[in-house]
Amino acid sequence: MRRVTILGATGSIGQNTLDLIRRAPKGSYQVVALTGGRNIAQLAADARAFGAELAVTAHDDLLVPLRAALAGSGVEVAAGAAALIEAAQRPADWTMSAIVGVAGLAPGLAALENGGTLALANKESLVTAGPLLMACAQATGARILPVDSEHSAIFQALTGEDIATARRVIITASGGAFRDWPLKRMRAATVAQASSHPNWAMGQRITIDSASMFNKALEVIEAKEFFGFRPEQIEVVIHPQSIIHALIGFCDGGLMAHVGPPDMRHAIGYALNWPTRRDLPVEALDLATIGRLDFAAPDPARYPALGLAWQVMAVGGLTGAVFNAAKERALDHFIAGHIGFMAMADLVQSALDGLAGHPELAVSEITLERVQSVDHVTRQHMDMQVGRRAG
Ligand code: NDP
């Protein structure tokens, strides 16, 4: 029986992971810890249903309602940032890292220190602290498996291959909610419009990041950090059907594509079952019905966020932490109605430019504390910029 923990269990990835565990033969998994944020009802229901040892909410003020919801269940209950780390540190064979945002970095690192397998959905961890994560895994013998569908696709396409023979990696992008909108209309896009994805069912933040392609920019950096590709080897192509998730171009001109339905349970299930393959409850694609697969180059005027990835990779170090924090804060301000949709990329660009010479960035070694400090400085910078625009 494999002992599993799910960080971010109440979210879209967390719920899909639990769905696969629910469908597995009885006795396959023992749930060690489930963590969530504000959705106490879901967290408590899942902790009871899966017989978790421990349920943790990230919010101290929700300890009392969580305790009440789990009264008499035998599930241990805790709250707050330290409790999240403790949950991640409980010995488990397999941990899903599916908290959204940089908040997932510290718990993910804590899980890696145990030396088990970390299924990594939280791409922000690699963007802000890729070298730290990889070094931690190497030191403890832990294995990191990608869960982002594009990175799972790359991982699968590279299986059995010599990575030195891979010349290019092509990451596909759906184009998000506004792929057919004129640029002028995108400027006036509302939060509700940006929160609906044409192909994938995901959490609100990543869905809006898909519409702006900030999500794809994160994935480009993630590909560099996870697989060690050079920035100039990474390409992005718009593929509206989201059937091909990524392609590897080899030195002999061959392209190896990963093809599958847009259902995260494929990538999650691959990581859950790795190194074997097992049946998964995903649709068998009918290619004749799909009929055609389209590809187009992303237009930099419509997706200014995408190009920022190469700016970030060119500088390296803690620039990824600046980029991610600026992006998260720009998204907060867009969701709160303080700024327009296209202003997010402008503000992140200005944060990258404005903080370029900041002493906090001038370090050679990435540590958790440094990422957290840069994250804090960048969020303050973004709030000042947004305040200035409003004033
Ligand atoms: P959701 O918003 O659906 O879920 C996020 C999870 O994190 C919830 O459990 C939420 O709790 C919890 N959470 C939110 N804020 C905090 C915090 N400050 N501290 C601790 N926990 C917190 O996100 P997704 O499932 O969509 O995405 C999760 C991660 O996976 C992201 O990094 C995303 O980029 C990545 N990813 C997602 C994909 C998808 O298909 N959804 C695809 C590929 C990658 P609660 O809801 O209870 O408040």
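Because the structure is a prediction, the values reported are computed rather than measured.

A. Inspection of the overall build of the protein at higher detail. Along the protein, the regular secondary structure elements total 17 helices and 11 strands. Taken over C-alpha atoms, the radius of gyration comes to 20 Å for the protein, in line with the 21 Å a tight globule of 391 residues would show. Expressed as lengths along the three principal axes of its C-alpha atoms, the size of the protein is roughly 55 × 55 × 40 Å. Sorting the 391 residues of the protein into buried and exposed places 55% on the buried side. Carbon and sulfur atoms make up 53% of the accessible area of the protein, which totals about 16200 Å². Across the protein, the mean location of the 32 positive side-chain charges is 4 Å away from that of the 37 negative side-chain charges.

B. Structural view of unusual backbone geometry. Along the chain, W274 connects to P275 via a cis peptide bond; the corresponding omega equals 10 degrees. Positive phi, close to 70 degrees, is recorded for M213, a residue that is not glycine. By the element assignment, M213 lies in the loop between helix 10 (204–212) and helix 11 (214–227). In this structure, S242 is a non-glycine residue whose phi angle is positive, near 50 degrees.

C. Layout of the sheet that holds strand 11 (residues 255–259). Strand order in this open sheet of four strands is 9-8-10-11, and the pairing throughout is mixed. Each of the sheet's edge strands pairs with one partner strand only, and the pair in question is strand 9 (234–238) and strand 11. For this sheet, the mean angle separating the axes of adjacent strands, direction not counted, is 20 degrees. As judged from the five bridges shared by strand 10 (residues 244–250) and strand 11, these two strands associate in the antiparallel manner. Pairing of L247 across the sheet is with A257, part of strand 11. In the packing of helix 11 onto the sheet, contacts are made with strand 8 (166–173) and strand 9, and the angle to strand 8 comes to roughly 155 degrees.

D. Broad picture of the sheet that holds strand 2 (residues 29–36). Taken together, the seven strands give an open sheet; going across it, the order is 4-3-2-1-5-6-7, and neighbouring strands pair in parallel fashion. Every interior strand has two partners, whereas the edge strands, strand 4 (76–79) and strand 7 (143–146), have only one. When strand polarity is set aside, the average angle formed by the axes of neighbouring strands in this sheet is 20 degrees. Pairing between strand 3 (residues 54–57) and strand 4: four bridges, direction parallel. The partner of L54 across the bridge, within strand 4, is E76. Packing against the sheet, helix 1 (residues 12–23) makes contact with strand 1 (2–7), strand 2 and strand 5 (94–97), and its axis sits at approximately 160 degrees to strand 1. Helix 12 (residues 264–273) rests against strand 1, strand 2, strand 5, strand 6 (117–120) and strand 7 of the sheet, and its axis sits at about 155 degrees to strand 5.

E. Focus on the site of the ligand. Every one of the 25 residues lining the ligand counts as a neighbour, but T10, S12, G37, R38 and E124 are closest to it. In the environment of the ligand, an oxygen atom lies 3.1 Å from a nitrogen or oxygen atom belonging to the backbone of G11. Here an oxygen atom of the ligand sits 2.8 Å away from a polar atom, N or O, in the main chain of R38. Burial of the ligand by the protein amounts to 84% of the accessible area it has alone, namely 890 Å². Those elements that provide at least two residues to the shell around the ligand are helix 1 and helix 6 (123–140). Here the residues of the shell around the ligand sort into 12 nonpolar, nine polar and four charged.

F. Looking closely at the packing of helix 15 (residues 319–335) against helix 16 (residues 343–354). One way to put it is that helix 15 packs onto helix 16 with a least axis distance of 9 Å and a crossing angle of 145 degrees. In the crossing of helix 15 with helix 16, the sense of the turn from one axis to the other is right-handed. Packed against helix 15, whose contacting residues are T319, V322, F323, A326, K327, A330, L331 and F334, the element helix 16 presents M344, V348, A351 and L352 at the interface. A class-by-class count of the residues in the contact of helix 15 with helix 16 yields 10 nonpolar, one polar and one charged.

G. Representation of the nonpolar core in the model. In this structure, M96, I154, F323 and F341 are the most contacted members of the largest nonpolar core, which totals 132 residues. Here this core gets eight residues from one element, more than from any other, and that element is helix 11. For M96, the contacting residues outside a window of four places in its chain are T5, I6, L7, I13, T17, A119, A121, V147 and I268.

H. Structural detail: the pairing of strand 10. Of all seven residues making up strand 10, seven are buried, and the element is well covered by its neighbours. As paired elements, strand 8 and strand 10 share five bridges and run antiparallel to each other. Across the sheet, residue V169 finds its bridge partner in strand 10, namely I248. Count of turn residues in the strand 10/strand 11 antiparallel hairpin: four residues, of which G253 carries a positive phi of about 90 degrees.

What counts as what
Residue positions within a chain follow its written sequence, with the count starting from 1. Only residues with pLDDT of at least 70 are given local features in this predicted model, and only at 80 or more are side-chain atom pairs given and counted; all residues enter the totals for whole chains, interfaces and linings. Side-chain measures were taken over the full set of non-hydrogen atoms in the model, leaving aside hydrogen atoms and water. Strands here mean DSSP runs of E at least two residues long; helices mean DSSP runs of H or I at least four residues long; both are numbered from the N terminus. Note that the radius of gyration is over C-alpha atoms, with the globule rule given as 2.2 Å times the number of residues to the power 0.38. Remark: exposure states derive from per-residue accessible area (1.4 Å probe, protein chains only) relative to the maximum for the residue type, with buried under 20%, exposed over 50%, and partly exposed in between. Where accessible areas are quoted, they stem from the Shrake-Rupley method and a 1.4 Å probe; at the residue level, only the protein chains shown are allowed to cover. In this tally, Asp and Glu contribute negative charge and Lys and Arg positive charge; neither His nor the terminal groups of the chain are included. For this purpose, a charge sits on NZ of Lys, CZ of Arg, CG of Asp or CD of Glu. Pairing between two strands is assigned when DSSP locates at least 2 bridges connecting them. Working convention: axes come from line fits to C-alpha atoms, limited for helices to the stretch in contact. Angles between N-to-C directions cover 0 to 180 degrees. Residue contacts are defined here by distance: any two heavy atoms, one from each residue, within 4.5 Å place the two residues in contact. A molecule or strand has a residue near it when one of that residue's heavy atoms lies within 4 Å. Two N or O atoms form a polar contact when they lie within 3.5 Å of each other; inside protein one atom must be a possible hydrogen donor and the other a possible acceptor, and for residues adjacent in sequence the pair counts only when both atoms belong to side chains. Residues are sorted three ways: Asp, Glu, Lys and Arg are charged, Ala, Val, Leu, Ile, Met, Phe, Trp, Tyr, Cys and Pro are nonpolar, and all the rest, Gly among them, are polar. In a left-handed crossing the near helix is turned counterclockwise from the far helix by less than a right angle, and in a right-handed crossing that turn is clockwise. The definition of a nonpolar core used throughout is a set of buried Ala, Val, Leu, Ile, Met, Phe, Trp, Tyr and Cys residues joined through side-chain atoms within 4.5 Å.

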